[in-house]
Structures are given as C-alpha cells and as structure tokens.
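# Notes for the structure review
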Amino acid sequence: MQSSLGGSEPRLEGRLRLAGGFVLLVFAIFGLRLFQLQVVEGDELRRRSEENSIRTLRLQAPRGEILDREGRVLATTRPAWELQVVPSALDQPERTWAVLGELVAEEPTVLSARLDGAGGVRHRPVSIVDDLDFDSLSRVETHRHALPGVVTDVQPRRHYLEGSLAAHLLGTIGEVRPAQLAQERFGDYAPGDVVGQTGLESLLESHLRGSDGGRNVVVDVAGRVVEVLDEVQPVPGGRAVLTLDLDLQRAAEAAFEPAEGQDPPMGALVALDVHSGDVLALVSRPAYDPNRFVGGIDAESWKALTEDEWKPLQNRAIQTHYPPGSTHKAIVGLALLEAGTVTPETTAYCPGFFRHGRRTYRCWKRSGHGTVDLHDALKESCDVYFYTYGVQLGIDRIAEFARSFGLGRPTGMALPGEAPGLVPTSDWKARRFGEPWYPGETVSASIGQGYNLYTTAQLAVSYAALGNGGKVMKPRLLIRLESHDGELLEQRSPELLSRIQGSPENLQRVLSGLTAVVEEQGGTGGRARVPGLRVAGKTGTAQVVRLTTVEGLEDEEIPIRFRDHAWFGALAPAEAPRIVVAAFVEHGLHGSSAAAPIARAVLAVWHEKQGGGTGQVAGAKP
Amino acid sequence: MISIDRRSFQNFDWMLLSLASIVLAMGFATLYSAASPGAATALPSEFKRQLVALGVGGVAFAVALVVDYRRLERWGPAVYVLSLLLLASTLALAPITRGNRSWLVYGSLSFQPAEIAKLGLVIMLARHFASRGPLELRRIRDLIPAGLITALPVVIIILQRDLGVAVLTLLVAASFLPFARIPLRAWMGLSLVGVAAGAAVWRFGLRDYQRSRILDFIDPSRDPLSSGYQAIQSKIAIGSGGIFGKGYLEGTQTQLQFLPTQHSDFIFAVVGEEWGFLGCTLLLGCYLALLLWGLVVASNSKDTFGTLLAVGLVGMLFWPAAINVAMVLGLAPVIGVPLPLVSYGGSHLLASLIALGLLMNVSMRRYVF
C-alpha cells in the first residue's frame, strides 16, 4: 500500500493497513485451499468426477395418517417396493429389459418405454415398477447381481384402507402438475412430488406431507450403494383426526349399495352432530377407489372417470346443488309461524289443487288433504297449505328466512369447490333475468320447486339448526391435527356461524310436525322409523322435468335422467335432536321410498352406538 | 450539479477499471458456460438477462462516477431514507419466494432492494463517522447512533425473513468499526467473549432441530441434504480442474449439472473446474488487487468522508466474496451468498457496479480541492 498522499489521518492510515492485511490473509487462505484441492488432491477428485459416483437418493416422507373420530385408520402409508433403473449404469439395455420383463411379467418394451418417458439426469434412478408384489420382488432380488443398473428401493405408498369409503371426502393424491408448480404455494415442490389433489388430501396438504429426507451415497458402476456419506431422515407427515364416525360412514355407504338387480343409486348423504356441526358421515355416489390414483392413475381409468355421464369424481354432497323439494317446507313452515302469517291453529283447505291467477297448481295428492293445519301439512306434505300461505308471506320474506339458515351460501367446511346453492329473491331475478318476480313463482318456491337449489350439506346444516335451537353451525371436519408421534398441534373447535330467528315454541312446533312425518300414521316418512328411537324428518321429491314430460308413465318407464330427485332430512332423537342426516338420491323418484331408508340406516347404527336397542326412551312416548 | 473538471479525468482510475473489467469478463464467460449445459446453440436466458443487468448497471456506474461524491455527504440521509422506503415496500408488495419476501417483482423483472439498501447504509455510516470524526469514538457507547442507523435496514431485512442478507449487511456495517478509536484490545476482548458464548450456546445449548431451524432461518432455501451434496460436488468440481482446468465449456461436473445453483452461488466452482488452479488464481488475484486498490483509494482520499466511503464500499464487495468463496471451497457452510461481479443475479451486479463507480469517484477526485 502507498503512504497517504492525501489528508487521511495517520491513525486511519494504520487501520487501513490492518484491513488490507486481513483481506490479504483471507485470500491467502483461499489460495492455499485451492492448491490443496486442485494440485494436491486434484487427481483423486478428477477421478471421482469422472465416475460421477455420488448421488443423492431421496428418502420420501411417509404421508400422515387420516383417522376417524375414534382413531380408526382411514388412510395410511405402507411400504412398497419399487423397481428402479439407473440409466447411466445400464450396460446391456436389451438384455436387461428382456430379463426384467420375464421377472416382473411385463412386456420388455413397456418397461423400457417408462425409462424413455422419464427424461431427467442419467445418473438418477428412474422408477420402472412402483409397487412390486412380493413374488416379483424376490425374483428381481435373486437376479439383481447380474443386472447392472437395476436397483430396488422401498418407498412409502398411500393406502386407503376402506377403498372407496368416503372417497370424495378423503380426496386423492397425485403428482404435482406443471400448472401447480408455477404457483407460490407449491414453491418448494419439485416435478414428480406427490401432492394432495382433491378433498382432505388437498386441504391438509401442508400438514400431511411431512418433509423428505435423503442420503448422499457413493455408488459403484452398477449403481449399487457402496458408501453412505450423509443422511437426513425424513420427517413423516402429521396425523389428522376427523370428526367422521367410521361406523356411521359404513352404514351410509352400505345403504347406497344397490338392491339385487337394480342400478346403483346416485346421490349424497351428510350426517352431522347437530350441536357441534361435526361431520359424522359424508357420502357421495357414484364413488371411485382413491387407491387407483396413488402412483398415477392410468389413462384409461382416468378417461372413464372423467367422461362418465354421472361424474363420479364430483362430490355430490357439497359440489352439486339441487332443488330441495318438500324438505323446504320445514323452513317455510317456521317462517310462516315467525312472521305471524299463520298460527298453529290456522288451517287451509286442500281440494288437491290451488288456483292462483289463471293457473292451477296441483297438490301431490290428487284427492286432496281436506282441512289441514301446519302440523298436518308437514306430516302429509300438503302442497296447498304452503301455496296458500307462502304467497301471502311473499318470496323475499321466505328468502330472508332461508338465508338465515345458511342456505344460498357455502357451508364453509373448507373443502374445495363447494357450491353456494341458490335462494331466489325478486332482486335476484331482476338481476339475473331482467324480469320482475311473478307471484305465481312464489307458489312453487313455497314447496321448494322453482329456482331454489341446495346442497346436501346445506340441507343438513339447516335441519341441524331446526333441531339445536337455532344455531347455524359450520360443519366441522377435523377434530385435531397431531404430529406423526402424537403431539397435539392444533385443535379445531365447533364454530357457530349465526343464529336463526325462531322462538323455541315455534321451533318445537315445526319439530313436532316433522316427528309426525315419521312417527305418526299417514306421515310420508314412515320408512325412516327406527325401533326405540323417535325420529323427526321430512321427505322431499324434486321435479326434474315438467310434469307433462313424464305424465302417465309408470316409475320404471321414466328414463333415469327424467326421474325426480328424492330427499330426506332427519333429526333424532326427536325430543332433543343430537344427530341430523340429510340424504339425497339423484333421480331416486320419491323421498319417502328412496331417501328415507338410507337416512334410517345411519340413524339405526347411531342409535345402536348410543346403547339403545328398542330402548325405554321410545317406550315413554308411544 | 455535475462537476467534472479536467483534472478529475486526468486522474481517472484506469487500474480500478481494468481490474473490475477482468473480473466481470471472467464472470460473464463462466456464466455462459454454466448456464448452457450440453451444446446449446442459443444464448442461455440467464446470460441474456445478466447482459441486460450489465447495461443498466453500466449506466448506474457512469452516474455514480460523475456526480461528485462529496455531494453524497449532504444527500446521505435522503439516499438512506429512500433506500429504506424501497426496502420496506417489499414487506407490503413482495410475494414470498423460496421462503422469504425480499424481491420486488414486476412482470419478468425482479429486484432485491436489500442490495441498494446496503449502499444507502454505507453512505449514511460514512457520513456519520466522518461528521463525528472517527477518532472521537472512544467508548463502545459512542457507537449507539451508528448502531441505530444499521439496525433500521437490518430489522427490515430480518422481517423479510432473509437473515443471510441481514448478516451480510451487519458485516458491511462492521467494516467501519476498526476505524473508530475504541482500542483494539476492547474489540478483541468483546468479540472473543461473543464468539465463545455463541459457540458454546450453539454446541451445548441447542438441540439438533433448533440448530437446523436457525440455519433454515439464515438461509430459507437451505436443504441440509442438498447442501451436503452441493458441498461435495463443489469440491469435486474444483479439484477435478487440477492445475490447468478441463478447458472452457469442457467441465463435466458443470455440463452435467451436478451443481444445482452453478450459475449463481456456485459459479466459482465452474471457474475452478474449467480453468483450473491458474484460472482461479487469476480471478482471485484480480479480486484481491481490486479490494486492496480500493483501500489505497481510501487512503489517498483527501477527506475523511471519502476515506470511510471507500472503506464501506470495499466491505460491500469483500464480505460476500469471502463468504461465497469460502463456501464453494468447503471452508464454510453452504449459505446462499453470491460472488459479487461474477454470480448470476441482476440486483447485486447493479449494486456492485454502483459501488465500483463510487469508488472510482472517490479515487479520481483525490486531488480536487
């Protein structure tokens, strides 16, 4: 360094020399290190570079388990043997493929095509068969010494123990898609990583995923590991404890199994704890086996699933909304009472039809119900009663009331793609169609026909509010999240969304009407009866096409897609409801015959679990 | 406003410019090799982007050169506050990438304001110490104002969850410390105690996962396994270059992409593989000469502000370079710090070029008074 030409103080000058000395020292160390690496160890390191013998093997983290509320496993991770090939170590490809084909009983060309399709770096193992059965594995292991470049490795693999049970709720996993990799939330994913694609697998991705570990190893020319340099253990994904009750879920799934010689019913079921909003069962049919998505679903099955007319991938319980039919009467009934349009003593005369303006609206019972009050009208599902007073109340008041039940907006259970449903108002119609609301439309809306659309989950939430004193609960799917070794990470509490306006007396009146539906002679829901348990419920049959299209046809003659939808909303025990079941059968024809028995199956198992046989509770009230 | 008299130009610092040009040229040549694996025909996109950054940086360099640095003494606070505002804007505007939110993104352009904040900090600190007179600082507590000046940007950078850059910024600020009059003994005592305590806590006071979390916090993109892999491959790449190297574009480690970040943090390994011991020595030699020459500039400056500014600028180049090379040579853990003027990355190239411009600015006005 030169001496100070300028004005820096001598003291600064000294410090500058010191700084220079420090910089020089650091660079001298670098020089020595370079000499050591490049000159002293140069030959050895060059040899290593030519062998390219160091690899990073990924240790995939096992995905976290999904358990039901009693700790029973719904989805787990099991070890699966993978057959891999290291392209750079493959010295006789033809022979290797031929032998491998023999060992795992597949076409050699199919196997080699998987390698060609993989791309990537030549020294990384490529998976050829991702879930070897034990026999194939033993054969490969016996011959592996003669197959350079062929390695086997155990990998964790997702396994859904119950097959298609609760498939839509649990969801599917699959390789992360290129479009996802571009998104921020997938910032730390690499191509080929597995990610939850639908349902809870997607919702809980960050919790279930865990973090991968890996191993830096030295391999020989045949791709075999000869030395482990260092290793980072994978951290398994966390556990999720669901609110689901496997027993009720099984019962619900079984109830959707077709009777001998019949088409499998399509539809959905949602069972909730009325007070906590816990989702005890959630079914969507038709379903699929999520195990088929693990390791990548084959193109043919995928095509079949996506092109199926009845859309098996859709979660009908939350993603599809339908006209609620007469299940809506429970809501309208409460609205009529609350608004003072009717009292419990108010009656209407049902001759089997209702005239409004120049149109005539039929009651489902052609011969008419005669004189009915609200109790009878609910029990026998009399349309004319609701036509009469619904028109008096007006569509906007009905809608306001329906909305307070959480209808017309997603229930908020956080699963992706939840349909909002629809609660029509005159404003809505003006916006949507640019037309005024016609009073005649209120007639249909009073019995849940017309524009109204609800999901099965929404029906369950609204009925739960009828049964729990007016609380609109957010359906809760998760009880808690735990780490893989059982440490509690997060507890989810029940969430109250809002309260409906409804006096305890009026709620009780509606509930008693609903109880009559099931428990009294002449009610439409008799097929939901469970010995020893008093059930309240409401049937619903939602027209799919104009009556004239199917006029005069017997049920079996109607083409499936023209058949009516069947609903049943049930609460039990009727005296103080604890569970709500909403059952929906798409094109199931009648709520009373198609949907009520399905709800019943769940209620029966629930009752049994509560310790009731034909218990005394029922005996008290004949 | 812009004062360039003839004398300034007569004193143009060709030495500094030549050394910087050699380093830059080697950097670009290596980047081309590192970013074009195999036999790519088109210019690699990283290379093109870096050329654009060089163009922008060149203009900034020229501006930093012509505006008399002594004006910066007056503008210091304004520059400092502006750079802080720019830095703070990331907290509101920047998306989270690779675990931190330190980049401002506009379309395909992204920019890391922390680099500019370092410049603002250096100017502000130089001004502060020059105004107090560094020799007035006799006690540790005299450093409190300087500590506050440093703390502001560092805290924002920590809030961005970019502790690596925060540590780097602290080191740059610490470059000024030896120029205070606080006795060396006090410093040595203090740092010895600090280092010993830190090491003891690290070794005995923390569990594995806690250590791992701290390292993750320092460098969010860190993945212990890939760090280990990179460290091994980096040593192999450098060592396999031997004395003469494998030749330009011939590095097998490089061309087979064994190093995931070979064009950014590990670019020096590519130099080592392709150009060998000779190439590395040349590059590091030029770097060393550049840094020492910067200290000469500091020494030659007529005013204390110029001296301290030059010191800070040298610190800005020295610390990341030292950490980066130490990491690539396997002497330090793998943390994502780029090699200034060489690694891929527009923001720090721009900041480095401005630093060089200011350094030359100080240098060519050494006689002007």
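Up top you'll find the structure we're talking about.
These figures come from a predicted structure and were not determined experimentally.

Secondary structure summary: chain B contains 14 helices and 2 strands in total. When each of the 369 residues of chain B is scored for burial, the buried share is 50%. Of the contacts formed within chain B by residues at least 6 apart in sequence, a portion of 74% connects residues at least 24 apart.

With that settled, the discussion passes to the overall build of chain A. For chain A, the helix and strand inventory stands at 22 helices and 23 strands. Taking all 622 residues of chain A together, 48% fall into the buried category. Partitioning the contacts of chain A with sequence separation of at least 6, the portion at a separation of at least 24 is 73%.

Okay, the environment of Asp 383 of chain A next. Residues and elements named next belong to chain A. Checked against the element boundaries, Asp 383 lands in helix α14 (residues 383-393). For Asp 383, a count of 28 C-beta atoms within 10 Å gives the class buried. With 21 residues separating them in the primary sequence, Asp 383 and Arg 362 have C-alpha atoms 7.7 Å apart. Beyond its immediate sequence surroundings of up to four residues, Asp 383 is in contact with Cys 363, Trp 364 and Ile 447.

What follows deals with the sheet that holds strand β22 (residues 565-572) of chain A. Residues and elements named next belong to chain A. Taking strand neighbours across the sheet as the criterion, the 5 strands line up as β12-β11-β23-β22-β21 in an open arrangement whose pairing is antiparallel. The open sheet is flanked by β12 (279-285) and β21 (536-542), the only strands paired with a single partner. Mean inter-strand twist for the sheet, computed between neighbouring axes without regard to direction, equals 10 degrees. Of the strand pairs in this sheet, strand β11 (residues 266-273) and strand β23 (residues 579-586) are connected by 8 bridges, and their pairing is antiparallel. Bridge assignment links Gly 267 to a residue of β23, and that residue is Val 585.

A few words on the packing of helix α5 (residues 113-132) of chain B against helix α7 (residues 163-174) of chain B. To describe two helices that pack against each other, one gives the angle between their axes and the distance between the axes. Residue and element names in this part refer to chain B. For the pair α5 and α7, the least separation of the axes is 10 Å and the interaxial angle reads 20 degrees. In terms of orientation, α5 lies roughly parallel with respect to α7. Crossing handedness for the pair α5 and α7: right-handed. Between α5 and α7, the contacting residues are Ala 114, Lys 118, Leu 121, Val 122 and Leu 125 on the first element and Val 165, Thr 169, Val 172 and Ala 173 on the second. Of the residues belonging to the contact of α5 with α7, the class tally is 7 nonpolar, 1 polar and 1 charged.

Turning our attention to unusual backbone geometry. One can expect most non-glycine residues to show negative phi and most peptide bonds to be in trans. Along the chain, Arg 285 of chain A connects to Pro 286 of chain A via a cis peptide bond; the corresponding omega equals 0 degrees. Among the structural elements, Pro 286 of chain A can be located in the loop between β12 and α11 (299-307). Put simply, Ala 572 of chain A and Pro 573 of chain A share a cis peptide bond, and its omega is -15 degrees. With respect to the element layout, Pro 573 of chain A can be found in the loop between β22 and β23. A positive phi angle, close to 75 degrees, is found at Leu 341 of chain B, a residue other than glycine. Within the secondary structure, Leu 341 of chain B sits in the loop between α13 (304-328) and α14 (346-364). Residue classification places Leu 341 of chain B among the buried residues on the basis of 26 C-beta atoms within 10 Å.

This part covers the nonpolar core. Counting 133 residues, the largest nonpolar core has Leu 269, Ala 271, Val 580 and Val 602 of chain A as its most contacted members. With 11 residues, helix α21 (residues 591-609) of chain A is the largest single contributor of residues to this core. Each of domain 1 (57-242) and domain 2 (251-620) of chain A accounts for three or more of the residues forming this core. Look past the residues within four positions of Val 602 of chain A in its chain and what remains in contact with it is Leu 248, Ala 251, Ala 252, Ala 255, Leu 269, Ala 271, Ala 281 and Val 581 of chain A. In this structure, Ile 156, Phe 179, Ile 236 and Ile 354 of chain B belong to the second largest nonpolar core, which totals 109 residues.

Take the pairing of β12 of chain A next. All names here are of chain A. The element β12 is extensively covered by neighbouring structure, given that 7 of its 7 residues are classed as buried. Pairing of β11 with β12, which is carried by 6 bridges, proceeds in the antiparallel orientation. Residue Val 270 lies in a different strand from β12, and its bridge partner there is Leu 282. Where β11 folds back onto β12 in an antiparallel hairpin, the turn is made up of 5 residues, including Gly 277, whose phi is positive at roughly 80 degrees.

What follows concerns the packing of helix α4 (residues 69-93) of chain B against α5 of chain B. All names here are of chain B. Put simply, α4 and α5 touch, their axes get as near as 8 Å, and they point 150 degrees apart. Classified by the angle between their axes, α4 and α5 sit roughly antiparallel to one another. Read as a crossing pair, α4 and α5 show a hand that is left-handed. Judged by residue contacts, Leu 72, Glu 73, Gly 76, Pro 77, Val 79, Tyr 80, Ser 83, Leu 84, Leu 86, Leu 87 and Thr 90 of α4 engage Pro 113, Ala 114, Ile 116, Ala 117, Leu 119, Gly 120, Leu 121, Ile 123, Met 124, Arg 127 and Ala 130 from α5. Among the residues forming the contact of α4 with α5, the class breakdown is 16 nonpolar, 4 polar and 2 charged.

Cut-off values and rules
- Residues numbered from 1 in each chain as written.
- Chains lettered and ligands numbered in written order.
- Predicted model: local features only at pLDDT ≥ 70, side-chain atom pairs only at ≥ 80, totals over all residues.
- Helix = DSSP H or I, 4+ residues; strand = E, 2+ residues; numbered from the N terminus.
- Buried ≥ 20, exposed ≤ 12 C-beta atoms within 10 Å, placed from the backbone.
- Contact = placed C-beta atoms within 7 Å.
- Pairing = 2+ DSSP bridges.
- Axes fitted to C-alpha atoms, helices over the stretch in contact; angles between N-to-C directions.
- Parallel < 35°, antiparallel > 145°, perpendicular 65-115°, else oblique.
- Left-handed = near helix turned anticlockwise from the far one by under 90°.
- Nonpolar A, V, L, I, M, F, W, Y, C, P; charged D, E, K, R; others polar.
- Core = buried A, V, L, I, M, F, W, Y, C linked by C-beta atoms within 7 Å.
- Domains from an automatic or database assignment.

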